[in-house]
Amino acid sequence: MELGARHEGHHHRANIKYGYIAFGISLVLAFTLAASNFVYLRKWLKKGWPDRSSVWARLGSPQPVWLQITLWLIVVSILSFLNIHDLKASYTTIIKRVGRLGFYLVPFDILLAVRPSLMATSYLEYISYHKWFLRLILFLVSVHSVGYFVKWISTGDLWRKSTKPLNFLGVIVFFLGLALAVISLKPIRSRAYRLFYSVHNITIAAFLTLIFWHARPGVTDAIILSVCLIAFQITQRIRMSHQVPRIVVSDNNEANLRHLRLLKPSGYPSQWSPGAHIRLSCSLVDARSWLFPSHPYTIVSLPSDDYLDLIVKKENRFQIEAMRSYTISSPFASLPPPFFHTAERVVILCGGSGISLGLPLLRFLKSNASIHSALHWAVSERRDAFVLDTIGLTHEVNVHVTRDSSFELQGSDAYQPHKALLSDGEQIELKTLGRCSDDLPEPNYEQTDGPKSRSRIIFHTGRPSCDTIFAPLLGEAEKVNCWIVVCGPDSMIVNATNWGKDNGVQVFLEHYGF
């Protein structure tokens, strides 16, 4: 079954159907995710509580990502060797097929990253899946390319074959993909996110343009679908963008945080769910708006407020300049909508700039007298609490100052202040783990003098304890609508999630990180 010239003979078109099979599987999966999420959220609202053990919840969740990617590896492995009887004789057929399988999975990967999501849930749910699925595609492309390099080296034709115009286009894509795979590693990505973002977009553009000429037989249908999805994303971004009239910055030189107040643009949406976030960038007419990533910020304000308030961490990655024009997106929801209709008892735990999620949730929950709620905020410096004054605090907040005492929750790693921004690589996972309690206990506290808002701040020294702050969630027979909402660094999220799992309490977590 030895093949002759590279794209000649009977086997020239033998692999076409396998690309379509892979695409068909991804299409069925996309439909399953969207339909399952839709049904799950409807049933949650109808029942009055989230059933995370239901088939709809399981089918609609991309978690755990490692299992999803493992299943895809099994699928592409089976397709790669299906109807192959002699590995040596069919070597070229296999490496051709692997490359085609990788390319026909590109539309699904783009779909995972579309904002707002077409999967009937927050696009943030799929960022981790999108990231690892892209790595799977890059792996398949690498297998395809390295396979040909090995073949050409064995025949002494490496230079002649790889420099042929159509083959060389594939070589370019291979090395771009290799560079992207390296830069996408977390230690590099978190330090050079702009570089990662630019290489990511360049690689995708090269993939769609150069492979159009490189692939034989052609993959025009997959390219058209991918381009349509990208065009849809661009259209959505333009449609949801609003020019910011003015940004007012409130700062404390010694604090780690900063308060931004934005005037609401004309025509800005009048409704959004508490804890939603916007994406801020340079004006759309500025090339930097398209070359570099936008920056997600959680909205501290509620729709009834006159302004859009943001609390961000000071950092060099993105600086607000008074004279520059900026654009913000319409709000993107974070928490699932049924949460706001069914939650009965909620304890919110935030770290650093994660307070931007906690404050609007607390205000919303306190507006309903039947919901018991509390907010605990861990900061490394007491002076960071100045943002509560500039925001205008309306409800009691427990502030845990952790400086000089490593921030741990039940044996966690040392506290590390997290990034102020969500990022394009952030992970936001909805993990509900089950069962609620009586009135909040009287805390030991230190009242502060000063403005009315500061009288509502209760300072605690040292790390917060899971058993203490989550105690109000225990005691009831049914805890299906009792929640921990946690937003902060890994150690905080891991320990709060484990506590919720051990005690049968629902958990929503939001991870600020790359």
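In what follows, the structure referred to is the one given above.
Throughout what follows, the structure given in this document is the object of discussion. (Residues numbered from 1 in each chain as written. Predicted model: local features only at pLDDT ≥ 70, side-chain atom pairs only at ≥ 80, totals over all residues. Heavy atoms only, no water.)

1. Structural notes on the packing of helix 10 (residues 193-214) against helix 11 (residues 220-239)
Here's step 1: Here helix 10 crosses helix 11 at 150 degrees, and the two axes come no closer than 10 Å. As the angle between them shows, helix 10 and helix 11 are arranged roughly antiparallel. Crossing of helix 10 against helix 11: the hand is left-handed. Residues I204, L208, I211 and F212 of helix 10 form the contact with helix 11, whose participating residues are T220, I223, S226, V227 and I230.
Here's step 2: Split by residue class, the contact of helix 10 with helix 11 holds seven nonpolar, two polar and no charged. (Axes fitted to C-alpha atoms, helices over the stretch in contact; angles between N-to-C directions. Helix = DSSP H or I, 4+ residues; strand = E, 2+ residues; numbered from the N terminus. Parallel < 35°, antiparallel > 145°, perpendicular 65-115°, else oblique. Left-handed = near helix turned anticlockwise from the far one by under 90°. Contact = heavy atoms within 4.5 Å. Nonpolar A, V, L, I, M, F, W, Y, C, P; charged D, E, K, R; others polar.)

2. Observations regarding the sheet that holds strand 3 (residues 257-263)
Here's step 1: Across the sheet, three strands lie side by side as 2-3-6; this open sheet has antiparallel pairing. Each having just a single partner strand, strand 2 (247-251) and strand 6 (307-313) make up the two edges of the open sheet. Averaged over neighbouring strand pairs, the angle between their axes works out to 25 degrees when direction is ignored.
Here's step 2: Note: strand 2 against strand 3, five bridges, orientation antiparallel. From the neighbouring strand, V249 faces strand 3, where its bridge partner is L260. (Pairing = 2+ DSSP bridges.)

3. As for the pattern of salt bridges
Here's step 1: Tallied over the full model, the rule gives nine salt bridges.
Here's step 2: Close ionic contact of R261 with D309 constitutes a salt bridge, the shortest N to O distance being 2.7 Å. Placement of R261 in strand 3 and of D309 in strand 6 is noted, with a sequence separation of 48 residues between them.
Here's step 3: Judged by relative accessible area, which is 24%, R261 ranks as partly exposed.
Here's step 4: Between E381 and R383 there is a salt bridge, with the nearest N and O atoms lying 3.5 Å from each other.
Here's step 5: Judged by relative accessible area, E381 falls into the buried class, the value being 10%. (Salt bridge = Lys/Arg side-chain N within 4 Å of Asp/Glu carboxyl O. Buried < 20%, exposed > 50% of the residue type's maximum accessible area, 1.4 Å probe, protein only.)

4. Observations concerning the pairing of strand 15 (residues 506-511)
Regular strands show a simple pattern: their side chains alternate between the two faces of the sheet.
Here's step 1: With six of six residues buried, strand 15 is to be regarded as a mostly interior element.
Here's step 2: Every second residue of strand 15 is oriented toward a common face, with Q506, F508 and E510 on one face and V507, L509 and H511 on the other, all of them buried.
Here's step 3: This β-α-β element, strand 14 (residues 482-488) to helix 17 (residues 490-503) to strand 15, shows right-handed connectivity. (Right-handed = clockwise from strand over helix to strand, strands pointing away.)

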